[in-house]
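Structural characterization, general
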Amino acid sequence: MEVYLVGGAVRDRLLGLPVRERDWVVVGAEPAELERQGFVPVGREFPVFLHPETHEEYALARLERKVAPGYRGFVTHFSPDVTLEEDLRRRDLTINAMAESSTGEIIDPYGGRRDLENRVLRHVSEAFVEDPVRVLRVARFAARFADLGFTVADETRELMRRMAASGELDALVPERVWQETERALAQSRPDVYFEVLRDCGALAIVFPEVDALFGVPQPERWHPEIDTGVHTMLALRCAARLSESTAVRFAVLAHDLGKALTPREHWPSHHGHEEAGVAPIEALASRLRIPGEHRDLALLAARHHTKVHRALELRPGTLLELLETTDAFRRPERFADLLLACEADARGRAGLEDRPYPQAEYLRRVHSVAASTSLTENERQGLAGPAIGAKLREKRFAAIAALRAGTKNEHP
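Here is a short report on the structure shown in this document. (Residues numbered from 1 in each chain as written. Predicted model: local features only at pLDDT ≥ 70, side-chain atom pairs only at ≥ 80, totals over all residues. Heavy atoms only, no water.)

1. Side note on the packing of aromatic side chains
- This model, assessed by the stated rule, comprises seven aromatic pairs.
- Summarising the aromatic geometry, the rings of Tyr 193 and Phe 194 are spaced 5.0 Å apart at their centres and angled 85 degrees between planes, so their arrangement reads as edge-to-face.
- Measuring from ring centre to ring centre gives 5.5 Å for Phe 194 and Phe 207, while their planes differ by 70 degrees; the resulting arrangement is edge-to-face. Of this pair, Phe 194 sits in helix α8 (residues 190-199) while Phe 207 sits in the loop between α9 (203-206) and α10 (208-211), placing them 13 residues apart in sequence.
- According to the relative accessible area criterion, Phe 207 is buried, its value standing at 1%.
- Each member of the aromatic cluster is reached from another via a ring pair, and the members are Trp 24, Phe 39 and Tyr 58.
- If you follow Arg 198 out to its NZ or CZ, it ends over the ring of Phe 214, 4.0 Å from the centre.
- Looking at Arg 396, its charged tip hangs above the ring of Phe 329, at a distance of 3.8 Å from the centre. (Phe/Tyr/Trp six-rings, centres within 6.5 Å; stacked < 30°, edge-to-face > 60°. Helix = DSSP H or I, 4+ residues; strand = E, 2+ residues; numbered from the N terminus. Buried < 20%, exposed > 50% of the residue type's maximum accessible area, 1.4 Å probe, protein only. Lys NZ or Arg CZ within 6 Å of the ring centre and 35° of its normal.)

Right under this line is the structure:
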């Protein structure tokens with residue numbers, strides 16, 4: 001029995017990156033041998049075991065054979081005769097198909113180390129086309145390693161295009177799509193994930209609402225980049241700099257979906273796109289079973305981003321209404337996330353990435369003074385039920401009005 005460290009741990013160590021988790025492959029063993037040593041079996045479809053002390057995953061070397069569409073359409077074969085090279089061959093990318101022996105030797109039968117050095121994401125074999133999730137994984141790795149200069153190999157791009165055109169991606173299940181997407185949103189360059197998917201034709205299949213934004217013009221006066229899809233990618237890139245929250249980043253991705261529904265004869269104007277964006281966001285969230293907190297923040301961003309952009313012009317009553325409509329008093333953290341999404345939208349424009357966005361700080365101050373306003377015991381005297389709420393609202397209005405009057409000179 002031989003044990004090898006495999007996959008991401010080998011790749012990341014060679015890149016000089018922190019190793020977050022370690023996976024192992026066991027060659028030349030039967031399941032009973034590992035169980036006798038105290039390993040705990042956890043695999044359903046093939047033998048995977050947890051180490052009795054470290055709880056790291058140890059999998060028996062295996063082969064896979066495609067028998068049906070989709071990522072579940074595989075028959076797995078494992079035995080002591082399966083070699084390490086055969087096990088590595090079934091992996092997606094060459095940089096993930098390396099192993100390290102107990103003596104520190106790197107086993108690299110498919111050129112993963114060379115591709116690491118050349119910053120290339122390349123498929124291991126033609127078996128790549130058998131699993132549609134791999135299209136998403138390549139795009140996710142492109143997003144993760146974009147800052148290191150990695151790009152997708154031409155021949156791998158071509159395979160991904162073939163998979164998209166063949167209908168293989170239709171077999172993707174919502175949970176896996178969202179799992180890969182959320183992990184991609186957490187990377188330093190989430191915009192690259194969607195750009196790679198668009199390049200191979202997968203974006204139109206998996207995220208048609210986002211794909212529809214490309215080619216839709218906006219007024220050049222406000223959007224030098226003109227194209228709504230390009231703007232969305234710029235805004236998403238900005239969101240990644242402003243916040244690590246995947247909910248914020250998803251909200252930025254979805255905030256302008258309504259613009260794809262604007263009739264062509266009205267281009268480049270998009271009057272009413274805010275409310276028009278609600279239906280496609282709800283459809284996308286329902287189809288991919290996106291968490292409620294992501295969906296709800298996206299809906300707020302779609303409905304209110306233009307009003308947030310105009311915050312410095314708004315009257316006290318409109319400002320208070322914005323706080324109430326967004327449930328800012330009960331959900332202050334979500335309101336803060338909404339402001340981050342709106343800032344990313346405003347700064348996600350060609351040449352304006354570093355432009356100040358005083359609206360966010362102003363609305364934080366508006367929220368702070370309104371939220372800290374309360375009624376004294378004397379003010380509550382003789383009031384009950386709705387009358388208390390009306391009185392509190394009146395006092396909050398006055399506090400916002402005073403703040404606005406005091407800041408007019410700051411933002412004339």
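2. Overview of the packing of helix α14 (residues 278-288) against helix α15 (residues 292-309)
- The interhelical angle for the contact between α14 and α15, taken along N-to-C directions, is 165 degrees, at an axis separation of 10 Å. Judged on the interaxial angle alone, α15 and α14 are roughly antiparallel. The hand of the α14/α15 crossing is right-handed. Here Val 278, Ile 281, Glu 282 and Ala 285 of α14 lie close against α15, whose contacting residues are Arg 295, Ala 298, Leu 299, Ala 302 and Arg 303.
- A class-by-class count of the residues in the contact of α14 with α15 yields six nonpolar, no polar and three charged. (Axes fitted to C-alpha atoms, helices over the stretch in contact; angles between N-to-C directions. Parallel < 35°, antiparallel > 145°, perpendicular 65-115°, else oblique. Left-handed = near helix turned anticlockwise from the far one by under 90°. Contact = heavy atoms within 4.5 Å. Nonpolar A, V, L, I, M, F, W, Y, C, P; charged D, E, K, R; others polar.)

3. Thoughts on the environment of Ala 153
- Here Ala 153 lies in the loop between β11 (151-152) and α6 (154-166).
- Ignoring anything within four residues of it in the chain, the contact list for Ala 153 reads Val 120, Leu 121 and Arg 122.

4. A closer look at the sheet that holds strand β4 (residues 48-50)
- An order of β3-β4-β5-β2-β1-β8-β9 is seen for the seven strands of this open sheet, with the pairing classed as mixed. The open sheet has two free edges, formed respectively by β3 (40-41) and β9 (106-107), since each of these has just one partner strand.
- Strands in contact with helix α1 (residues 8-15) are β1 (2-6), β8 (99-100) and β9; relative to β1, the strand with the most contacts, it is inclined by about 55 degrees. (Pairing = 2+ DSSP bridges.)

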